[in-house]
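Residue-level listing of the chains:
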2 protein chains.
Amino acid sequence: MHAALLIAHGSRRAEANADLVRLAELVRASGRFEIVEIAYLELAEPDIPASALRCVERGATEVRMLPYFLSMGRHVAEDLDGYRQDFTAKHPHVRFTLCPPLGLHPKIVEVVMERLERC
Amino acid sequence: MHAALLIAHGSRRAEANADLVRLAELVRASGRFEIVEIAYLELAEPDIPASALRCVERGATEVRMLPYFLSMGRHVAEDLDGYRQDFTAKHPHVRFTLCPPLGLHPKIVEVVMERLERC
(Lines give C-alpha, C1' and ligand atoms only; values in the text may rest on other atoms or scores of the structure.)
Protein backbone atom coordinates (compact mmCIF):
# COMPACT_ATOMS: atom_id res chain seq x y z
CA MET A 1 0.00 0.00 0.00
CA HIS A 2 1.61 3.21 -1.20
CA ALA A 3 0.81 6.56 0.37
CA ALA A 4 1.55 10.09 -0.75
CA LEU A 5 1.69 12.58 2.11
CA LEU A 6 1.54 16.10 0.66
CA ILE A 7 3.00 18.72 3.00
CA ALA A 8 2.69 22.51 2.71
CA HIS A 9 3.98 25.22 5.02
CA GLY A 10 0.50 26.31 6.10
CA SER A 11 -0.91 29.82 6.24
CA ARG A 12 -3.33 31.94 8.23
CA ARG A 13 -5.11 32.53 4.92
CA ALA A 14 -7.62 29.83 3.98
CA GLU A 15 -7.07 30.55 0.28
CA ALA A 16 -3.41 29.47 0.54
CA ASN A 17 -4.23 26.29 2.48
CA ALA A 18 -6.94 25.34 -0.02
CA ASP A 19 -4.30 24.79 -2.73
CA LEU A 20 -3.08 21.68 -0.92
CA VAL A 21 -6.61 20.23 -0.66
CA ARG A 22 -7.05 20.70 -4.40
CA LEU A 23 -3.60 19.25 -5.11
CA ALA A 24 -4.52 16.12 -3.12
CA GLU A 25 -7.67 15.70 -5.24
CA LEU A 26 -5.53 15.80 -8.37
CA VAL A 27 -2.99 13.30 -7.01
CA ARG A 28 -5.86 11.01 -5.95
CA ALA A 29 -7.37 11.29 -9.43
CA SER A 30 -4.06 10.15 -10.93
CA GLY A 31 -4.67 6.74 -9.34
CA ARG A 32 -0.96 6.40 -8.61
CA PHE A 33 -1.29 6.09 -4.81
CA GLU A 34 -3.78 4.03 -2.80
CA ILE A 35 -3.61 6.57 0.03
CA VAL A 36 -3.28 10.35 -0.31
CA GLU A 37 -3.14 12.56 2.78
CA ILE A 38 -2.27 16.21 3.39
CA ALA A 39 -0.54 18.00 6.27
CA TYR A 40 0.67 21.48 7.19
CA LEU A 41 3.98 22.21 8.92
CA GLU A 42 2.55 25.22 10.76
CA LEU A 43 -0.52 27.41 11.20
CA ALA A 44 -3.10 24.95 9.86
CA GLU A 45 -4.40 21.42 10.43
CA PRO A 46 -3.99 18.50 10.07
CA ASP A 47 -0.39 18.56 11.28
CA ILE A 48 2.31 16.24 9.99
CA PRO A 49 2.36 13.60 12.80
CA ALA A 50 -1.44 13.23 12.65
CA SER A 51 -1.43 12.67 8.89
CA ALA A 52 1.57 10.34 8.96
CA LEU A 53 -0.22 8.26 11.60
CA ARG A 54 -3.34 8.23 9.45
CA CYS A 55 -1.31 6.80 6.56
CA VAL A 56 0.01 4.05 8.86
CA GLU A 57 -3.47 3.29 10.25
CA ARG A 58 -4.84 3.05 6.72
CA GLY A 59 -2.27 0.32 6.05
CA ALA A 60 0.53 2.11 4.20
CA THR A 61 3.73 0.13 3.74
CA GLU A 62 5.49 3.08 2.12
CA VAL A 63 4.84 6.79 2.69
CA ARG A 64 6.29 9.32 0.26
CA MET A 65 6.45 12.71 1.95
CA LEU A 66 6.16 15.40 -0.73
CA PRO A 67 7.28 18.89 0.30
CA TYR A 68 4.99 21.34 -1.49
CA PHE A 69 7.77 23.91 -1.13
CA LEU A 70 9.74 25.64 -3.87
CA SER A 71 13.23 25.11 -2.52
CA MET A 72 15.43 23.14 -0.20
CA GLY A 73 15.25 25.59 2.68
CA ARG A 74 15.52 24.81 6.35
CA HIS A 75 11.89 23.63 6.60
CA VAL A 76 12.50 20.82 4.12
CA ALA A 77 16.10 19.95 4.95
CA GLU A 78 15.70 20.03 8.73
CA ASP A 79 12.06 20.06 9.84
CA LEU A 80 10.63 17.59 7.34
CA ASP A 81 13.65 15.34 7.40
CA GLY A 82 13.43 15.34 11.20
CA TYR A 83 9.83 14.14 10.98
CA ARG A 84 10.89 11.43 8.52
CA GLN A 85 13.47 10.16 11.02
CA ASP A 86 10.93 10.21 13.88
CA PHE A 87 8.33 8.30 11.88
CA THR A 88 10.90 5.73 10.75
CA ALA A 89 11.87 5.12 14.39
CA LYS A 90 8.23 4.83 15.53
CA HIS A 91 6.99 2.69 12.65
CA PRO A 92 9.94 0.56 11.54
CA HIS A 93 7.70 -1.65 9.37
CA VAL A 94 6.76 1.35 7.18
CA ARG A 95 9.19 2.96 4.75
CA PHE A 96 9.11 6.77 4.97
CA THR A 97 10.90 8.72 2.25
CA LEU A 98 11.23 12.47 1.71
CA CYS A 99 10.82 13.57 -1.90
CA PRO A 100 12.70 16.60 -3.22
CA PRO A 101 10.90 19.96 -3.16
CA LEU A 102 9.65 21.34 -6.48
CA GLY A 103 12.93 23.11 -7.24
CA LEU A 104 13.78 25.20 -10.27
CA HIS A 105 12.21 22.78 -12.75
CA PRO A 106 11.86 24.06 -16.36
CA LYS A 107 8.06 23.94 -15.95
CA ILE A 108 8.34 26.20 -12.89
CA VAL A 109 10.26 28.71 -14.99
CA GLU A 110 7.48 28.57 -17.59
CA VAL A 111 4.90 29.34 -14.91
CA VAL A 112 7.01 32.31 -13.70
CA MET A 113 7.11 33.71 -17.25
CA GLU A 114 3.32 33.33 -17.52
CA ARG A 115 2.75 35.10 -14.20
CA LEU A 116 5.03 37.95 -15.27
CA GLU A 117 2.75 38.49 -18.25
CA ARG A 118 -0.38 38.60 -16.10
CA CYS A 119 0.16 41.72 -14.05
CA MET B 1 11.87 50.47 -19.63
CA HIS B 2 10.30 47.36 -18.14
CA ALA B 3 11.69 45.71 -15.04
CA ALA B 4 11.01 42.30 -13.50
CA LEU B 5 11.67 42.18 -9.76
CA LEU B 6 11.77 38.54 -8.67
CA ILE B 7 11.05 38.10 -4.96
CA ALA B 8 11.58 34.96 -2.85
CA HIS B 9 11.03 34.40 0.86
CA GLY B 10 14.73 34.00 1.61
CA SER B 11 16.40 31.25 3.62
CA ARG B 12 19.35 30.69 5.92
CA ARG B 13 20.39 28.00 3.43
CA ALA B 14 22.44 29.29 0.49
CA GLU B 15 21.16 26.47 -1.71
CA ALA B 16 17.59 27.74 -1.41
CA ASN B 17 18.56 31.36 -2.14
CA ALA B 18 20.59 30.30 -5.18
CA ASP B 19 17.40 29.21 -6.99
CA LEU B 20 16.36 32.87 -7.34
CA VAL B 21 19.74 33.87 -8.80
CA ARG B 22 19.41 31.13 -11.39
CA LEU B 23 15.79 32.07 -12.10
CA ALA B 24 16.87 35.67 -12.77
CA GLU B 25 19.46 34.43 -15.30
CA LEU B 26 16.71 32.54 -17.13
CA VAL B 27 14.33 35.53 -17.13
CA ARG B 28 17.17 37.76 -18.40
CA ALA B 29 17.93 35.23 -21.15
CA SER B 30 14.29 35.43 -22.29
CA GLY B 31 14.96 39.04 -23.37
CA ARG B 32 11.46 40.04 -22.23
CA PHE B 33 12.59 42.63 -19.64
CA GLU B 34 15.27 45.29 -19.96
CA ILE B 35 15.92 45.12 -16.21
CA VAL B 36 15.82 42.00 -14.03
CA GLU B 37 16.51 42.25 -10.29
CA ILE B 38 16.07 39.87 -7.38
CA ALA B 39 15.14 40.43 -3.73
CA TYR B 40 14.41 38.42 -0.58
CA LEU B 41 11.62 39.20 1.87
CA GLU B 42 13.63 37.92 4.84
CA LEU B 43 16.89 36.25 5.89
CA ALA B 44 18.94 37.13 2.78
CA GLU B 45 20.04 40.11 0.72
CA PRO B 46 19.34 42.17 -1.30
CA ASP B 47 16.11 43.17 0.41
CA ILE B 48 13.02 44.35 -1.45
CA PRO B 49 13.37 48.14 -0.98
CA ALA B 50 17.01 48.06 -2.14
CA SER B 51 16.16 46.12 -5.31
CA ALA B 52 13.08 48.21 -6.08
CA LEU B 53 15.22 51.36 -5.79
CA ARG B 54 17.79 49.79 -8.07
CA CYS B 55 15.08 49.23 -10.72
CA VAL B 56 14.08 52.92 -10.44
CA GLU B 57 17.71 54.11 -10.61
CA ARG B 58 18.27 51.97 -13.71
CA GLY B 59 15.41 53.86 -15.38
CA ALA B 60 12.43 51.52 -15.02
CA THR B 61 9.05 53.02 -15.92
CA GLU B 62 7.24 49.84 -14.91
CA VAL B 63 8.29 47.28 -12.29
CA ARG B 64 6.54 43.91 -12.21
CA MET B 65 7.01 42.35 -8.79
CA LEU B 66 6.92 38.57 -9.15
CA PRO B 67 6.31 36.58 -5.96
CA TYR B 68 8.36 33.40 -6.24
CA PHE B 69 5.92 31.83 -3.78
CA LEU B 70 3.54 28.94 -4.30
CA SER B 71 0.40 30.45 -2.88
CA MET B 72 -1.41 33.63 -1.93
CA GLY B 73 -0.44 33.55 1.72
CA ARG B 74 0.03 36.49 4.04
CA HIS B 75 3.52 37.26 2.71
CA VAL B 76 2.19 37.91 -0.77
CA ALA B 77 -1.21 39.38 0.05
CA GLU B 78 -0.01 41.65 2.86
CA ASP B 79 3.79 42.07 2.94
CA LEU B 80 4.45 42.30 -0.80
CA ASP B 81 1.34 44.32 -1.52
CA GLY B 82 2.39 46.69 1.28
CA TYR B 83 5.75 47.19 -0.42
CA ARG B 84 3.99 47.82 -3.73
CA GLN B 85 1.91 50.56 -2.10
CA ASP B 86 5.00 52.15 -0.47
CA PHE B 87 6.96 52.16 -3.72
CA THR B 88 4.02 53.63 -5.63
CA ALA B 89 3.78 56.46 -3.09
CA LYS B 90 7.54 57.14 -3.19
CA HIS B 91 7.99 56.87 -6.96
CA PRO B 92 4.71 58.05 -8.51
CA HIS B 93 6.26 58.22 -12.00
CA VAL B 94 6.95 54.45 -11.93
CA ARG B 95 4.19 51.87 -12.22
CA PHE B 96 4.61 49.05 -9.70
CA THR B 97 2.43 45.96 -10.11
CA LEU B 98 2.28 42.76 -8.09
CA CYS B 99 1.98 39.61 -10.19
CA PRO B 100 0.11 36.56 -8.87
CA PRO B 101 2.14 33.88 -7.09
CA LEU B 102 2.75 30.64 -8.98
CA GLY B 103 -0.47 29.02 -7.74
CA LEU B 104 -1.78 25.57 -8.49
CA HIS B 105 -0.96 25.76 -12.21
CA PRO B 106 -1.30 22.48 -14.17
CA LYS B 107 2.48 22.55 -14.75
CA ILE B 108 3.04 22.73 -10.98
CA VAL B 109 0.90 19.63 -10.57
CA GLU B 110 3.04 17.89 -13.20
CA VAL B 111 6.19 18.77 -11.26
CA VAL B 112 4.62 17.39 -8.05
CA MET B 113 3.87 14.10 -9.80
CA GLU B 114 7.47 13.92 -11.05
CA ARG B 115 8.85 14.61 -7.56
CA LEU B 116 6.62 11.88 -6.09
CA GLU B 117 8.26 9.42 -8.48
CA ARG B 118 11.78 10.45 -7.46
CA CYS B 119 11.90 9.36 -3.87
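Note: the structure precedes this text.
Residues numbered from 1 in each chain as written. Chains lettered and ligands numbered in written order. Predicted model: local features only at pLDDT ≥ 70, side-chain atom pairs only at ≥ 80, totals over all residues. Heavy atoms only, no water.

With that settled, consider the state of the cysteines. Two cysteines joined by a covalent bond between their sulfur atoms form a disulfide. Counted under the stated rule, the structure contains two disulfides over all chains. For C99 of chain A, the disulfide goes to C119 of chain B, at an S-S distance of 2.1 Å. Here C99 of chain A, found in the loop between β4 (95-98) and α4 (106-117), pairs with C119 of chain B, found in the segment after α4 (106-117), and the two come from separate chains. For C99 of chain A, a relative accessible area of 2% gives the class buried. Its sulfur unpaired, C55 of chain A is 12 Å from the next cysteine sulfur, which belongs to C99 of chain A. According to the relative accessible area criterion, C55 of chain A is buried, its value standing at 0%. (Disulfide = S-S within 2.5 Å. Helix = DSSP H or I, 4+ residues; strand = E, 2+ residues; numbered from the N terminus. Buried < 20%, exposed > 50% of the residue type's maximum accessible area, 1.4 Å probe, protein only.)

It is worth spelling out the interface of chain B and chain A at this point. Contact residues are listed per partner, giving 47 residues for chain B and 47 residues for chain A. Summing both sides of the interface, chain B and chain A together bury roughly 4400 Å²; the carbon and sulfur share of this comes to 68%. Seen at the junction of chain B and chain A, the total is six salt bridges. With a shortest N-O distance of 2.6 Å, E117 of chain A and R32 of chain B are connected by a salt bridge. At the level of secondary structure, the elements contributing two or more residues to the side of chain B that touches chain A comprise β1 (2-8), α1 (14-30), β3 (62-67), α3 (74-90), β4 (95-98) and α4 of chain B. (Contact = heavy atoms within 4.5 Å. Buried area = accessible area lost by both parts, 1.4 Å probe. Salt bridge = Lys/Arg side-chain N within 4 Å of Asp/Glu carboxyl O.)

Turning to the pattern of salt bridges, a few remarks are in order. For the structure shown, the criterion picks out 20 salt bridges over all chains. Residue E110 of chain B is joined to K107 of chain A by a salt bridge in which the shortest nitrogen-to-oxygen separation is 2.7 Å. Taken together, the residues E110 of chain B in helix α4 and K107 of chain A in helix α4 connect one chain to another. Across the pair E62 of chain B and R64 of chain B runs a salt bridge whose closest N-O atoms are separated by 3.3 Å.

Residue and element names in this part refer to chain A. Following E45, the chain continues into P46 via a peptide bond in cis, with omega recorded as 5 degrees. Summarising the element assignment, P46 is placed in the loop between β2 (35-40) and α2 (48-57). The backbone of L43 sits at a positive phi, close to 70 degrees, despite the residue not being glycine. Along the polypeptide, L43 turns up in the loop between β2 and α2. L43 gets classed as partly exposed once you look at its relative accessible area, which sits at 46%.

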